[in-house]
Amino acid sequence: MSQQSVFKIKAGKIKSLTENPTHYCAGCEHGTLTKLIAATLDELDLREKTIMIDSVGCSVLAYNYLNCDHIVAAHGRAPAVAAGVKRLRPELNVFTIQGDGDALSIGLLETIYAAKRGTPITIFVVNNGIYGMTGGQMAPTTLPGQITTTTPYGRDPASTGTEFDASGLISQIDGAAYVRRASLVVNEIPGPRGKVYTIKNLLDAKKAVKNAFKVQALGGFALVEFLSTCSVNWKMPILEAKRYVNEQVIKRFPLGVYRDTYGVEKA
Amino acid sequence: MPGQRIYIKGNEALAYGALESGLNAYFAYPITPSSEIPETLARELGNKKYPQYKCFIQSASELEAINMVIGGASIGNLVMTATSGPGFSLKQEGLSYSACMELPFLIADICRAGPGLGNLGPEQSDYFQATKGGGHGNYRIFVLAPNSVQEMASFPKLGFDLAFKYRNPVLILGDAYTGQLKEDVEFPTLQKPNYDVSSWAVGDSTGRKPHILNSLELDYQKHYENMGRIFEKYKRAEENEVLYEEYLTEDAETVIVAFGIVSRIAKAVVNSLRKKGIPIGLFRPITLWPFPTVPLGKLASEGKRFLDIELNAGQMIEDVRLAVGTGTKVDFLGRWGGILPTEREIERKIQRVEVVAA
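Residues numbered from 1 in each chain as written. Chains lettered and ligands numbered in written order. Predicted model: local features only at pLDDT ≥ 70, side-chain atom pairs only at ≥ 80, totals over all residues.

Caption draft 1: Region of interest: the overall build of chain A. Across its full length, chain A carries 10 helices and 11 strands. Relative to the 2.2 N^0.38 estimate, which gives 18 Å for 267 residues, the radius of gyration of chain A is 17 Å and therefore close to what a compact globule would have. C-alpha atoms of chain A, sized along the principal axes, occupy 50 × 45 × 35 Å. Put simply, 66% of the contacts in chain A that link residues at least 6 apart link residues at least 24 apart. (Helix = DSSP H or I, 4+ residues; strand = E, 2+ residues; numbered from the N terminus. Rg over C-alpha atoms; globule rule 2.2 N^0.38 Å. Contact = placed C-beta atoms within 7 Å.)

Caption draft 2: Representation of the overall build of chain B within the structure. Counting its secondary structure elements, chain B contains 12 helices and 16 strands. In terms of overall size, chain B behaves like a compact globule, its C-alpha atoms giving a radius of gyration of 21 Å where 358 residues would be expected to give roughly 21 Å. Pairs at least 24 residues apart make up 79% of the contacts formed inside chain B by residues separated by at least 6 positions.

Caption draft 3: Region of interest: the nonpolar core. Of all hydrophobic cores here, the largest spans 185 residues; its most connected members are Phe-226 of chain A together with Val-143, Leu-144, Ile-256 and Ala-266 of chain B. The element best represented in this core is helix 6 (residues 149-166) of chain B, accounting for 10 residues. Two domains each provide a minimum of three residues to this core, namely domain 1 (5-199 + 214-240) and domain 2 (244-357) of chain B. Aside from chain neighbours lying at most four places away, what touches Leu-144 of chain B is Phe-155, Leu-158, Gly-159, Val-170, Ile-172, Leu-173, Ile-286 and Thr-287 of chain B. (Core = buried A, V, L, I, M, F, W, Y, C linked by C-beta atoms within 7 Å. Buried ≥ 20, exposed ≤ 12 C-beta atoms within 10 Å, placed from the backbone. Domains from an automatic or database assignment.)

Caption draft 4: Spotlight on the interface of chain A and chain B. Tallying the contact residues gives 27 residues for chain A and 34 residues for chain B. Taken together, the elements giving at least two residues each to the side of chain A that touches chain B come down to strand 2 (69-72), helix 3 (78-88) and helix 5 (108-116) of chain A. Take the side of chain A that touches chain B: its biggest share by element is eight residues, from helix 3 of chain A. Residues that form the side of chain A that touches chain B fall into these classes: 17 nonpolar, three polar and seven charged. Relative to strand 10 (residues 212-213) of chain B, strand 2 of chain A runs parallel, the two being bridged by two bridges. Its bridge partner being in strand 10 of chain B, Ile-71 of chain A is matched across the sheet by Leu-213 of chain B. (Nonpolar A, V, L, I, M, F, W, Y, C, P; charged D, E, K, R; others polar. Pairing = 2+ DSSP bridges.)

Caption draft 5: Layout of the packing of helix 3 of chain A against helix 5 of chain A. Residues and elements named next belong to chain A. One way to put it is that helix 3 packs onto helix 5 with a least axis distance of 7 Å and a crossing angle of 35°. Contact with helix 3, carried on its side by Pro-79, Ala-80 and Ala-83, involves Glu-110, Thr-111 and Ala-114 of helix 5 and no other residues of that element. Broken down by class, the residue content of the contact of helix 3 with helix 5 amounts to four nonpolar, one polar and one charged. (Axes fitted to C-alpha atoms, helices over the stretch in contact; angles between N-to-C directions.)

Caption draft 6: Inspection of the domain arrangement of chain B at higher detail. Residue and element names in this part refer to chain B. For chain B, the domain assignment lists domain 1 (5-199 + 214-240) and domain 2 (244-357). For domain 1 and domain 2, the distance between their C-alpha centroids amounts to 27 Å. With 25 residues of domain 1 in contact, the opposing surface of domain 2 contributes 21 residues. At the level of secondary structure, the elements contributing two or more residues to the side of domain 1 that touches domain 2 comprise strand 6 (119-122), helix 5 (127-131), strand 7 (142-144), strand 8 (170-175), helix 7 (176-180) and helix 8 (220-240). Residues that form the side of domain 1 that touches domain 2 fall into these classes: 13 nonpolar, eight polar and four charged.

Caption draft 7: Expanded view of the sheet that holds strand 11 (residues 244-247) of chain B. Residues and elements named next belong to chain B. With respect to topology, five strands assemble into an open sheet ordered 11-13-12-15-16, the strand pairing being mixed. Pairing within the sheet leaves two strands with one partner each, and these edge strands are strand 11 and strand 16 (330-334). With direction set aside, neighbouring strand axes in the sheet form an average angle of 20°. Judged from the four bridges that link them, strand 11 and strand 13 (residues 280-285) form a sheet pairing that is antiparallel. Paired with Tyr-247 across the strands is Leu-282, a residue of strand 13. In this fold helix 9 (residues 261-275) packs onto strand 11, strand 12 (254-257), strand 13 and strand 15 (305-310), with an angle of close to 165° to the strand it touches most, strand 13. In this fold helix 11 (residues 316-324) packs onto strand 12, strand 15 and strand 16, with an angle of close to 160° to the strand it touches most, strand 15.

Caption draft 8: Geometry of the packing of helix 10 (residues 293-301) of chain B against helix 11 of chain B. All names here are of chain B. One can describe the packing of helix 10 onto helix 11 by two numbers: an axis separation of 7 Å at closest approach and a directional angle of 60°. Taken as axis vectors, helix 10 and helix 11 run oblique relative to one another. Considering only the axes of helix 10 and helix 11, their crossing is right-handed. From helix 10, Thr-293, Leu-296, Gly-297 and Ala-300 reach across to helix 11, where they touch Val-320, Leu-322, Ala-323 and Val-324. For the contact of helix 10 with helix 11, the residue count by class is six nonpolar, two polar and no charged. (Parallel < 35°, antiparallel > 145°, perpendicular 65-115°, else oblique. Left-handed = near helix turned anticlockwise from the far one by under 90°.)

Caption draft 9: How the structure looks around the sheet that holds strand 10 (residues 221-227) of chain A. The strand order across the open sheet formed by eight strands is 11(A)-7(A)-10(A)-4(A)-3(A)-1(A)-2(A)-10(B), and the pairing between neighbours is mixed. Both edges of this open sheet fall to strand 11 (256-260) of chain A together with strand 10 of chain B, since each of them pairs with a single strand only. The strands that helix 8 (residues 200-217) of chain A touches are strand 3 (93-99), strand 4 (122-127), strand 7 (176-183) and strand 10 of chain A; relative to strand 7 of chain A, the one it contacts most, it runs at about 165°.

Caption draft 10: Main features of unusual backbone geometry. Residues and elements named next belong to chain B. The omega angle of the peptide bond from Thr-32 to Pro-33 is 5°, so this bond is cis rather than trans. Among the secondary structure elements, Pro-33 is positioned in the loop between strand 2 (25-28) and helix 2 (36-43). In this chain, Trp-289 is followed by Pro-290 through a cis amide linkage whose omega measures -5°. Even without being a glycine, Glu-102 presents a positive backbone phi close to 60°. Residue placement: Glu-102 occurs in the loop between helix 4 (85-101) and strand 5 (106-113). Despite not being glycine, Arg-167 has its phi angle at roughly 50°, a positive value. Considering the arrangement of structural elements, one finds Arg-167 in the loop between helix 6 and strand 8.

Caption draft 11: Structural context of helix 10 (residues 238-252) of chain A. Residue and element names in this part refer to chain A. Compared with the 21 Å implied by 1.5 Å per residue over 15 residues, the 20 Å span of helix 10 between its first and last C-alpha is a close match. In the structure, helix 10 departs most strongly from a straight axis at Val-245, where the bend amounts to approximately 40°. Turning to helix 10, its buried residues are Ala-241, Lys-242, Val-245 and Val-249. Buried residues along helix 10 sit against strand 7, strand 10 and helix 9 (231-234). (Expected span 1.5 Å × (residues − 1). Bend = angle between axes of the 7 residues up to and from the residue.)

Caption draft 12: Representation of the pairing of strand 10 of chain A in the model. Residue and element names in this part refer to chain A. The buried fraction of strand 10 is high, at seven of seven residues. By the alternation rule, side chains of strand 10 split into Phe-221, Leu-223, Glu-225 and Leu-227 and Ala-222, Val-224 and Phe-226, which are all buried. Pairing of strand 4 with strand 10, which is carried by six bridges, proceeds in the parallel orientation. Looking at the pairing, Ile-123 lines up with Leu-223 of strand 10. As paired elements, strand 7 and strand 10 share seven bridges and run parallel to each other. Bridged to Ala-176 within strand 10 is Phe-221.

Shown next, in the form of structure tokens:
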């Protein structure tokens, strides 16, 4: 596939991406998201006006890859730091990339109140069902029965509760203007000579990124949750991990637009 | 307001002092006995006298407040938060990150009795946490200790100047008494702040390389060097920014060492004992970090005795002992739980010291 045609970027490199190689593991979709965001910043001509708040987890080194100003926040606190910037410089485009642990566990209060106050910032949550950077512990999004290093016998809802539905929760909050769950995982479909991969999910994810920035420009809070794999910590081959998301995870975390106050999806 | 004398609480004076200094934003979480600070600053939002004051947010937690401060400081604005003991403990995370990211801002701890919930009375028991770097890692923040409502009014300007000069958080360590006390104050006419933040603040990055404010450095050697540079900065501060007050120490045989509200009581004791012919003086550290080690050591080298008085079980006394050396006697009088020592108690203690010494 030609990335140029997918991202509607004219010939030449994406200005919002640095030339540093990423540290992400093979098969990880963090790099995909970074590239989708960078391409969108180029398209909307927002690079120089953008402040990214880096969170703690696999997203923490994003300052090496996204060619804009960065503040690296403490674990869970990125939305609060983002609010501090945005309230004083409303003309800037302020966003975070956070893991599920960062946004939904240690930083849940910060996420909820950023939404509740309608803070015009954009939050991207990578939901891969696990704490990746610390080596594969249970995350708020870990599915019941899923094995992690801290649920070695499978997540037991009797003591740990069930998986956390971020898009469902945040979309209930009246201050949120845009909530969407997308997937960064490619789909296998039957082709004329065996299986082929479709990037429909990535195109939808790209659209979600763009809409989330548009909502911020309109003065609203936006959160996009991205389903993603962590084959290393799931201890699965890459393709099997992708299949697991497309066949299992997606049943518990349905994709779709959960809230769209400004109607940007229709525009 | 400059030029007028007004009669207000210490906490209100701190709030107006910050506004007069050019405060852009305040991020609040209420806690007794500091709540008049956010209450005053909520009221003043929109006052045309302070056009630069653009933002007041009551956060959902102490953590959210300090991290909003981090956001505001990162764009080079004059931002502030305030709290008291239990909240100050929660703020330590943010202070550790900010010290490493070298962010300038103001924070106030209107210290109450601890540990835990303690009570709402005055203590100075956050001294260790304030001066030794209360969060994780190697770092320092400036600590200013006002002893009057007037100083609560004037220290925000001093604090912002230090914060931006050194790119470091500055703490104003008051207590329930300096916060709640009402006194006459006067606000000086101040210049508009003009701190140069262009080399580091995040914002519109047109025409320059991205600015990255970060405490993470995975390369050990680089982190060693980065922190070494910050430690050099602390050394410069220790050499240049020490503030203290000496009162009748020159011919004194006994010197009381006290900061904050206790120094006011101690000064009254010095005046009353001087009338009785007892050669006594007062040494008041104004910056608790950097601590006035050198001037205190100089007094010790002149053969003086010391009485350290604090609203805790003995915290600053460790710095006093380091300053005066092991050969010098340092007596201690501590009160805690919200109780202040009376002048009479201090006088009795001094007279005992005098008798023992004779």
